[in-house]
Amino acid sequence: GGFEAGGASAGLYANKYMPSVSDTFTAVFGTHTAKAGFFYEWIRNAQPANNDTNGYLQFVPSANPNYTLGNAYADEITGNLSQYQEANFNRLNEISYNTVEGFIQDSWKVNQRLTLEYGLRMTHFDPWTDDLGYGYSVFQPGNYAGQSCTAAPTFCGFEWHARDKGIPASGFPSRALFWQPRVGAAYDFTGKGNTVLRGGWGRFYYHSGQFTSGLDTSAGSETVTATPTTVNGPLLARNLGTLTFGSSLAAPAAVNATDSEQPYTDSYSVTLSQRLPWTSLLELAYVGNNSHDLQSNGGYGSDVNLVPIGAMLGASNPSTANGNNYRPYLGYGQINLATNNLYSNYNAFQLKIAKQSSKYSIQGNYTYGKSLGIVGPSGTTLGAYGATLNPFNLRDNYGIEPGDRRQLFNVAYSIQLPSPVHGNKFAAGAVNGWQLSGITQWQSGANLTYNSTGDNFNAQFNSAIIPGSVSAINPNGVAITNQSILGSPDIQLNPILTCNPTKNLGRNQYINGNCFSLPTTIGSNGPTLLPAIYGPSYFDSDLGIFKNFVIRESMKLQFRIEGTNFLNHPNASFPNSNNLTLNFAQNSTTGAISQSNTSFGYANYKQGNRIVQFVAKFYF
């Protein structure tokens with residue numbers, strides 16, 4: 001429904017502008033090289049929102065356990081929806097910000113062995129600002145006056161610039177300056193460049209990425225979302241005409257009106273470089289960074305309308321109860337404020353060895369590192385968008401990031417082959433002068449847990465019920481959900497670990513599915529973050545051999561033979577998402593629940609094959 005033409009800006013889809021101007025002044029005096037400079041940039045982005053103005057019908061049996069026919073196609077034929085969503089219109093999100101920066105720095109050659117670097121960068125970031133004048137909305141709890149005033153266009157508790165000129169169009173408050181000091185040093189132990197120690201630390205601020213939380217609210221764009229739970233019965237397509245905007249409103253989004261932070265990273269490293277015999281170089285390094293105030297649009301510190309844990313356990317059937325009826329601010333669902341409270345870090349040991357001569361060049365490197373941060377249910381490290389698995393405790397969401405690969409090794413080489421033929425120009429031209437080059441890579445396995453759907457291997461409960469929950473009130477029992485076990489829809493229900501899932505593995509198996517079970521008792525839950533489990537390693541080696549035949553000064557003919565994965569080494573892989581999906585099944589007689597996916601955790605697929613190509617190139 002969005003990305004249409006027109007609006008306040010000409011053109012289709014998106015208009016993006018990034019004009020900038022900068023200059024640097026350098027002065028050398030004595031053993032100092034001093035610099036000072038400035039930078040200005042204006043970034044503007046204008047593009048329509050992409051809400052479902054034409055309506056969005058969903059037929060998902062697992063999301064509609066009490067009213068589904070058990071088959072998505074049958075639900076479609078009968079118009080038995082699991083969810084319906086519609087927006088009244090898409091506004092144009094025309095937003096921009098200014099960056100103004102200045103810096104000073106000095107490189108001081110203290111003596112023959114020691115060099116110091118130090119400087120300071122001063123940055124002013126405007127927050128993203130709504131150039132159409134509506135403004136980003138903010139939530140002010142003191143203005144909330146009860147459920148009766150939460151429908152459009154009142155949205156009590158929410159304010160924005162067009163309604164209250166005292167609120168900036170950015171919603172966020174601005175901050176005068178962000179200070180970014182940097183310092184570094186290099187020390188030559190011998191004075192001849194044979195052994196050099198380098199290190200440094202610096203702080204780097206950067207602007208939050210584009211986001212639109214709170215723009216729809218101020219412009220009057222509304223979205224109605226209906227489910228069987230919110231209509232207290234089956235959601236039938238023939239009854240959609242009875243829904244009205246504001247009657248079942250998705251909670252408006254907003255920004256944190258007291259948060260003036262911007263994301264920043266502290267980067268640091270120490271490197272020892274040692275010259276070795278035979279024109280070789282060895283480097284040992286510790287490299288790390290620590291990031292703070294990363295932006296979040298959901299979860300801990302962002303959602304101010306959470307259903308408290310346990311609040312829904314008093315319902316006759318918590319699994320089908322409407323969670324919105326248990327929120328502090330009734331009439332709204334989740335109220336997610338864009339805020340800056342996430343963090344991450346990376347630390348690594350790096351080893352590099354290189355050798356170079358007139359005939360060949362070889363370079364190898366090895367890294368042992370670890371990436372940690374706040375992990376979200378999307379399976380990706382949180383940045384501009386996301387939510388936390390446990391929105392009640394931020395620390396519980398801190399763990400190994402999806403992109404973590406603990407060990408990496410690479411070798412690259414280029415070798416000029418011998419020229420054994422002499423005295424025969426034709427034979428020498430064919431045999432002599434060939435060059436061999438290649439690269440070999442090995443990486444330890446990817447983090448399977450936090451690359452899986454929901455960071456819990458897409459655990460499917462398949463309408464399993466709490467043992468002993470069948471009663472006159474609930475003849476079909478109470479389904480196992482986060483609402484029925486934990487009493488809140490806002491915290492993820494995770495499988496419980498019963499053993500070490502990396503032990504007792506079969507051939508090509510990386511995760512033991514028998515180590516996972518469902519929580520079945522009130523208040524029980526698996527860990528917020530399941531342990532990181534690493535999959536198959538990656539190996540690849542590419543090789544090429546080539547030779548140039550010079551025809552004349554301006555012309556040459558090159559022959560190449562290239563082999564990608566020339567060793568024909570396939571890598572173990574997972575054929576599809578099913579092999580990383582936990583499926584729980586309940587015995588209809590005994591009520592026992594077990595993990596039923598026999599393919600879970602098996603990388604029983606191999607991919608990668610040798611590709612050889614012959615290439616001729618004519619240069620002129």
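How each quantity is defined
Residues numbered from 1 in each chain as written. Predicted model: local features only at pLDDT ≥ 70, side-chain atom pairs only at ≥ 80, totals over all residues. Heavy atoms only, no water. Helix = DSSP H or I, 4+ residues; strand = E, 2+ residues; numbered from the N terminus. Buried < 20%, exposed > 50% of the residue type's maximum accessible area, 1.4 Å probe, protein only. Contact = heavy atoms within 4.5 Å. Areas by Shrake-Rupley, 256 points an atom, 1.4 Å probe, with all protein chains shown as cover. Pairing = 2+ DSSP bridges. Axes fitted to C-alpha atoms, helices over the stretch in contact; angles between N-to-C directions. Core = buried A, V, L, I, M, F, W, Y, C linked by side-chain atoms within 4.5 Å. Disulfide = S-S within 2.5 Å. Patch = residues over 30% accessible without salt bridge, like charges linked within 9 Å, V, L, I, M, F, W, Y side chains within 5 Å. Salt bridge = Lys/Arg side-chain N within 4 Å of Asp/Glu carboxyl O. Phe/Tyr/Trp six-rings, centres within 6.5 Å; stacked < 30°, edge-to-face > 60°. Lys NZ or Arg CZ within 6 Å of the ring centre and 35° of its normal. pLDDT = per-residue confidence, 0-100.

### A short note on the overall build of the protein chain
1) Next: When helices and strands are counted, the protein chain shows four helices and 32 strands.
2) Next: For the protein chain, the spread of C-alpha atoms along the three principal axes comes to 100 × 65 × 50 Å.
3) Next: Counting every position in the protein chain, which comprises 620 residues, the buried fraction comes to 41%.
4) Next: The long-range fraction of contacts in the protein chain, counting pairs at least 24 apart against all pairs at least 6 apart in sequence, stands at 72%.
5) Next: When the accessible surface of the protein chain is split by element, carbon and sulfur atoms take 55% of a total near 30,400 Å².

### Some remarks on the sheet that holds strand 4 (residues 56-58)
The strands that make up a sheet pair up through hydrogen bonds in the backbone, lying either parallel or antiparallel.
1) Next: On the basis of which strands lie adjacent, the open sheet formed by three strands has the order 4-6-14 and antiparallel pairing. Of all the strands in the sheet, the pair left with one neighbour each is strand 4 and strand 14 (223-226). With direction set aside, neighbouring strand axes in the sheet form an average angle of 10 degrees.

### As for unusual backbone geometry
1) Next: Unusually for a residue other than glycine, Trp278 sits at a positive phi of about 60 degrees.
2) Next: Mapped onto the elements, Trp278 comes out in the loop between strand 17 (264-276) and strand 18 (280-296).
3) Next: Even without being glycine, Asn565 reaches a positive phi, approximately 55 degrees.
4) Next: Following the sequence through the fold, Asn565 ends up in the loop between strand 27 (555-564) and strand 28 (571-573).
5) Next: For Asn565, a relative accessible area of 5% gives the class buried.

### What about the nonpolar core?
1) Next: Counting residues in each nonpolar core, the largest one holds 23 residues, and the members touching the most others are Phe457, Phe461, Ile480, Ile511, Phe516, Leu582 and Phe584.
2) Next: With residues up to four places along the chain from it excluded, the contact list for Phe584 reads Ala459, Gln460, Phe461, Asn462, Pro495, Phe516, Ser517, Leu518, Ile593, Ser594, Gln595 and Ser596.

### Details of the state of the cysteines
Throughout this description, disulfide means a covalent bond between two cysteine sulfur atoms.
1) Next: As enumerated under the stated definition, the model contains two disulfides in all.
2) Next: Each sulfur in the disulfide pair Cys149 and Cys156 lies 2.0 Å from the other. A torsion of 70 degrees about the S-S bond marks the disulfide between Cys149 and Cys156 as right-handed.
3) Next: Relative accessible area serves as the criterion here: at 7%, Cys156 is assigned to the buried category.
4) Next: Linked covalently through their sulfurs, Cys499 and Cys515 form a disulfide whose S-S length is 1.8 Å. Around the S-S axis, the bridge from Cys499 to Cys515 shows a dihedral of about -100 degrees and counts as left-handed.

### Things to note about a nonpolar patch on the surface
1) Next: Together, Tyr187, Phe189, Leu197, Val270, Leu272, Leu284, Tyr286, Phe349 and Tyr368 make up an exposed nonpolar region whose accessible area comes to about 750 Å².
2) Next: Of all the secondary-structure elements, those providing two or more residues to the nonpolar patch are strand 17 and strand 18.
3) Next: Checked against the element boundaries, Phe349 lands in strand 19 (residues 337-356).

### A short note on the pattern of salt bridges
1) Next: Across all of its chains, the model carries nine salt bridges by this definition.
2) Next: Between Asp266 and Arg203 there is a salt bridge whose closest N-O contact spans 2.7 Å. Pair noted here: Asp266 is in strand 17 and Arg203 is in strand 13 (residues 195-205), with a separation of 63 residues, a long-range link.
3) Next: A relative accessible area of 11% places Asp266 in the buried class.
4) Next: Arg406 is the salt-bridge partner of Asp404, the closest N and O atoms lying 3.0 Å from each other.
5) Next: Residue Asp404 is classed as buried on the basis of its relative accessible area of 1%.
6) Next: Note on Arg406: relative accessible area 16%, which makes it buried.

### Concerning the side chain of Thr217
1) Next: For Thr217, the position within the fold is in helix 2 (residues 215-219).
2) Next: The exposure class assigned to Thr217 is buried, which follows from its relative accessible area of 5%.

### A few points about the pairing of strand 22 (residues 407-416)
Along any regular strand the residues' side chains alternate between the sheet's two faces.
1) Next: Sheet topology places strand 20 (residues 360-374) next to strand 22; nine bridges connect them, and they run antiparallel. Bridged to Tyr368 within strand 22 is Gln407.
2) Next: Both strand 22 and strand 23 (residues 435-443) contribute to a ladder of nine bridges, which runs antiparallel. Within the sheet, the bridge partner assigned to Leu408 lies in strand 23 and is Gln443.

### Focus: the packing of aromatic side chains
1) Next: Summed over the entire model, instances satisfying the criterion amount to 21 aromatic pairs.
2) Next: Between Phe139 and Phe158, the ring centres sit 5.0 Å apart and the planes meet at 55 degrees, which makes this aromatic pair tilted. In this pair, Phe139 is assigned in strand 10 (residues 138-139) and Phe158 in strand 11 (residues 158-159), connecting sequence segments 19 residues apart. The same class applies to Phe139 and to Phe158, which are both buried.
3) Next: On the basis of an interplanar angle of 65 degrees and a centroid distance of 6.5 Å, the ring pair of Phe461 and Phe584 is categorised as edge-to-face. Residue Phe461 is found in the loop between strand 23 and helix 4 (482-486), and its partner Phe584 is found in strand 29 (residues 584-586); the two are separated by 123 residues along the sequence.
4) Next: An aromatic cluster is built from Phe139, Tyr144, Phe158, Tyr329 and Tyr332, whose rings are joined through pairwise contacts.
5) Next: A cation sits over an aromatic face here: Lys556 above Tyr619, 4.9 Å from the ring centre.

### What to know about the confidence of the model for the protein chain
1) Next: In this model, the protein chain carries an average pLDDT of 90, and 95% of its residues clear a pLDDT of 70 or more.
2) Next: Contacts of residues 379-386 to residues separated by more than four positions or lying in other chains number 27 contacts, the stretch itself having pLDDT below 50.

### Observations regarding the side chain of Ser137
1) Next: Relative to the helices and strands, Ser137 is located in the loop between strand 9 (129-130) and strand 10.
2) Next: Beyond its immediate stretch of four places on either side in the chain, Ser137 contacts Phe158, Glu159, Trp160, Gly214, Thr217, Ala253, Ala254 and Val255.

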